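# Structure at a glance
So you can see what is in the structure, the chains are spelled out below.
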Amino acid sequence: MPISQNKYVNITSGQGGNAAASRKDLILRLFTENSLFPTGNVIEFSNSMAVSDFAGADSKEAKIAAAYFGWISKQSNKAKKISVMRYAKEDSKPYLRSTYKLPSLEEFKKVSNGQMTLSMGGVNYDLQNLSFTEASSYADVATKLQEAIVKNADAGELWTSATVAFDEEMSSFVLTGGEAGDNVITYALPKEKDTTADLVGWTVGKNAIASNGVEAQSIADVLNESVQISNNFASFAFVDELTTEDLDAIGAFCDEQNNEYMFVFDVNSSNYNDMIGVAAKYSGMCANYSDTVGDLPAYLMPATILAATDYDKINGTVNYMYQQFDNQSVSVDSDDLAGKLDGLKINYNGQTQKSGTKLEFYQDGYLADGTDIGVFANEIWLKDAMKTSILNLFVALDKVSANTDGISLLEGALQAIALEAKNNGTISAEKDLTNEQKAYITQYTGDENAWQTVYLNGYIVSVELKQEVADGRTKYIAEYSLLYSKGDSIRKVEGVHTLI
């Protein structure tokens, strides 16, 4: 056998330049008090049927998801995902819930010596000698499970007061710990080759839902926990009613995140002055008027528009005003109320008419602080695109040098995103600049001709290399600056007809 060529020439193959980080989905995140959703988890759904299967067809979450996924934009786009997270306003108990389609009762009646291991509050306990042979219903199976669990007398009330119930509506077995507060619960583990844990549906392999017990959460707690678990969302809402104190906490969160997320919420005729008075102090707060009890929340309109916007398309950005929603009730149909709400920067589904035909569309399209919703949404996308591009550059390359070569690489990555932003309409070239804007650009850049670049190109991007010394270590930091003309939308047309 000849000597391998690898002795002389050894070539290793690999694929370079792979993108390790992905851009986030600009989807809606719902915060709900519905106990069917587990604490400490964010669950993403890609269609309304999945939400319905998880929470029930009559749940608020399922109805919201049906409208959210059902809307199709003018460019034939629709939302691709929605995410949901539990908000525990009160101390909650841990639970373990089955979700898979249960086999027939006859399969359970075959179990005469079943076993499994459960864990709650850091205590592992073996259930043994489980027998369902005399069970005449799934509820009887639940009773047998509960009897075995509460025998763990040394583990305290968490175990001795635990319950097991069969939820007929969801067709699932639910183990609930006997004590509220911070207690971890984990998936059931089979004992040896016994399949009882799988049969009941409490194993990870059967997609069980494990929800830890938690102490009551504040708004700040759940929002911060949410972004730590997953920041894959752009707008968020609370399914249940909020107070002005809640808005204060949410507004503080939005300000701290600095144009990362948009909070969408509803107001009505009895509270809109108080609510908007709080919301107007903060950035990213999108108020929506609805005075019809039982209707779909009006906040679905801006959240759905954002989720359905395709920033990969040429001219993909949208004007949030004039978007139509057939499933939303009209909340404003008079000049008087429209004028009041417009002045307060509260949005609504409004009705007008042309030649006897009634037209309804979302208006007026502003956040509570007066920022155009479209402009704010575009910046959410642009910041995320820039972050992703820079992160992928660092991950793909062994080194980004602290010299002109490294600066060139970073500028190239930033320029590519800026060009993408021009194509989709986030950045607007040849937009007229006021004298004040020209002066600001000159002062900002130190270049009296820079405003012309912004006018012609739509943006200026630059990167500077700086050193930071702390704790005896020198750190090289690249600071970039992007100044751009935002993509505004025409909202109104005024004409003058002169007859000669």
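In this text, all values refer to a predicted model and were calculated from it rather than measured experimentally. Counting starts from 1 at the beginning of each chain's written sequence and moves along it residue by residue. Local features in this predicted model are restricted to residues of pLDDT 70 or higher, and side-chain atom pairs are both shown and tallied only at a pLDDT of 80 or more, whereas totals for entire chains, interfaces and linings draw on every residue. The basis for every side-chain value is the complete set of heavy atoms in the structure, and neither hydrogens nor water enter the calculation.

## Looking at the overall build of the chain
Put simply, the test is: Numbering of helices and strands runs from the N terminus, with a helix taken as a DSSP run of H or I at least four residues long and a strand as a DSSP run of E at least two residues long. Only protein chains enter the area calculation, which uses a 1.4 Å probe; residues under 20% of their type maximum are buried, those over 50% are exposed, and those in between are partly exposed. Any two residues whose heavy atoms approach within 4.5 Å are treated as being in contact. The Shrake-Rupley method, run with a 1.4 Å probe, gives the accessible areas here. Residue values count only the displayed protein chains as cover.
When helices and strands are tallied, the chain shows 15 helices and 17 strands. Projecting the C-alpha coordinates of the chain onto the three principal axes gives extents of approximately 95 × 85 × 50 Å. Across the 500 residues of the chain, 46% fall into the buried class. A separation of at least 24 residues holds for 68% of the contacts in the chain among residues at least 6 apart in sequence. Carbon and sulfur atoms make up 46% of the accessible area of the chain, which amounts to about 26,000 Å² in all.

## What to know about the sheet that holds strand E10 (residues 209-211)
The condition that has to hold: Any two strands between which DSSP finds at least two bridges are classified as paired. Only the stretch in contact is used when fitting a helix axis, every axis being a line fitted to C-alpha atoms; angles between N-to-C directions are given from 0 to 180 degrees.
The strand order E7-E8-E4-E10 describes an open sheet built from four strands, whose pairing is antiparallel. If you trace the sheet from one side to the other, it starts and ends with strand E7 (163-167) and E10, each paired once. Neighbouring strand axes in the sheet, compared pairwise and without regard to direction, differ in orientation by 15 degrees on average. For E7 and strand E8 (residues 172-176), the ladder comprises five bridges, and the chain directions are antiparallel. Note on E8: the bridge partner recorded for Phe166 is Phe173.

## Re helix H9 (residues 272-279)
Where we set the bar: Here, the arc refers to the directions that run from the helix axis to the C-beta atoms.
Listed in full, the buried residues belonging to H9 are Tyr272, Met275, Ile276, Val278 and Ala279. Down the axis of H9, the sector holding all buried residues measures 155 degrees, keeping them to one side.

## With respect to the pattern of salt bridges
Condition: Salt bridges, as used here, are contacts in which a Lys or Arg side-chain nitrogen is within 4 Å of a carboxyl oxygen on Asp or Glu.
All chains considered together, the criterion is met by 17 salt bridges. Between Arg97 and Asp167 there is a salt bridge, with its nearest N and O atoms 3.3 Å apart. Here the residue Arg97 occupies a position in strand E4 (residues 95-97), and Asp167 occupies one in strand E7, the gap between them amounting to 70 residues. Residue classification places Arg97 among the buried positions, given a relative accessible area of 12%. Given a relative accessible area of 22%, Asp167 falls into the partly exposed group. Across the pair Lys110 and Glu107 runs a salt bridge, and its minimum N-O distance is 3.0 Å. A relative accessible area of 33% means that Glu107 is categorised as partly exposed.

## Thoughts on the sheet that holds strand E1 (residues 28-32)
Spatial strand order, E2-E3-E1-E11-E12-E13: six strands in an open sheet with mixed pairing. Sheet topology places strand E2 (42-45) and strand E13 (285-289) at the edges, where each strand pairs with a single neighbour. Neighbour to neighbour, the strand axes of the sheet diverge by 25 degrees on average, direction disregarded. Direction of pairing for E2 relative to strand E3 (residues 82-86): antiparallel, over a ladder of four bridges. Paired with Glu44 across the strands is Ser83, a residue of E3. With respect to the sheet, helix H10 (residues 300-308) is in contact with E1, strand E11 (235-238), strand E12 (262-267) and E13, its orientation differing from that of E12 by roughly 155 degrees.

## Details of the nonpolar core
We apply this condition: The term nonpolar core refers to a set of buried residues drawn from Ala, Val, Leu, Ile, Met, Phe, Trp, Tyr and Cys, joined through side-chain atoms within 4.5 Å.
One finds Phe236, Phe238, Ile250, Phe263 and Met285 to be the most contacted residues of the largest nonpolar core, which totals 102 residues. Other than its neighbours up to four places away in sequence, Phe238 contacts Phe31, Tyr87, Ile219, Val222, Leu223, Ile250, Phe263 and Tyr299. Core analysis: the second largest hydrophobic core is formed by 33 residues, Phe108, Leu118, Val200 and Trp202 among them.

## Some details on a negative patch on the surface
Put simply, the rule reads: Exposure above 30% relative accessible area and the lack of any salt bridge qualify a residue for a patch; like charges then connect within 9 Å, and the nonpolar side chains Val, Leu, Ile, Met, Phe, Trp and Tyr within 5 Å. The charged-residue count follows a simple rule in which Lys and Arg add positive charge and Asp and Glu add negative charge, with His and chain termini not counted at all. Lys charges are placed at NZ, Arg charges at CZ, Asp charges at CG and Glu charges at CD.
On the surface, Glu33, Glu90, Asp91, Asp182 and Glu215 cluster together into a negatively charged patch. Considering the arrangement of structural elements, one finds Glu33 in the loop between E1 and E2.

## Some thoughts on unusual backbone geometry
Note the cis peptide between Gln363 and Asp364, where omega equals 15 degrees. Mapped onto the elements of the fold, Asp364 is located in the loop between strand E15 (357-363) and helix H12 (373-396). The backbone of Ser171 shows a phi angle near 50 degrees, a positive value even though the residue is not glycine. Looking at where Ser171 falls in the secondary structure, it is placed in the loop between E7 and E8. Ser171 sits in the partly exposed class, given a relative accessible area of 32%.

## Quick notes on empty space enclosed by the protein
Our working rule: Think of a 1 Å grid over the protein atoms and nothing else: a 1.4 Å probe that fits but is trapped marks a cavity, an open set flanked by protein within 12 Å on at least five of seven lines marks a pocket, and residues with an atom within 4 Å of a point count as lining. Grid points are joined across faces, edges and corners, and a volume is the space filled by probe spheres set on the points. Nonpolar residues are Ala, Val, Leu, Ile, Met, Phe, Trp, Tyr, Cys and Pro. Charged residues are Asp, Glu, Lys and Arg, and all others, Gly as well, are polar.
Across all of its chains, the model carries three cavities of 30 Å³ or more by this definition. By volume, the largest cavity is sized at about 60 Å³. Every residue lining the largest cavity is counted, 13 residues in all, and those nearest its centre are Tyr289, Ser290, Gln328, Ser329 and Ser331. Partitioning the lining of the largest cavity into residue classes produces five nonpolar, six polar and two charged. Space inside the second largest cavity adds up to approximately 40 Å³. Forming the boundary of the second largest cavity are Ala67, Tyr68, Leu300, Met301, Thr304, Phe325, Asn327 and Gln328.

Read these as geometric descriptors, not functional statements.
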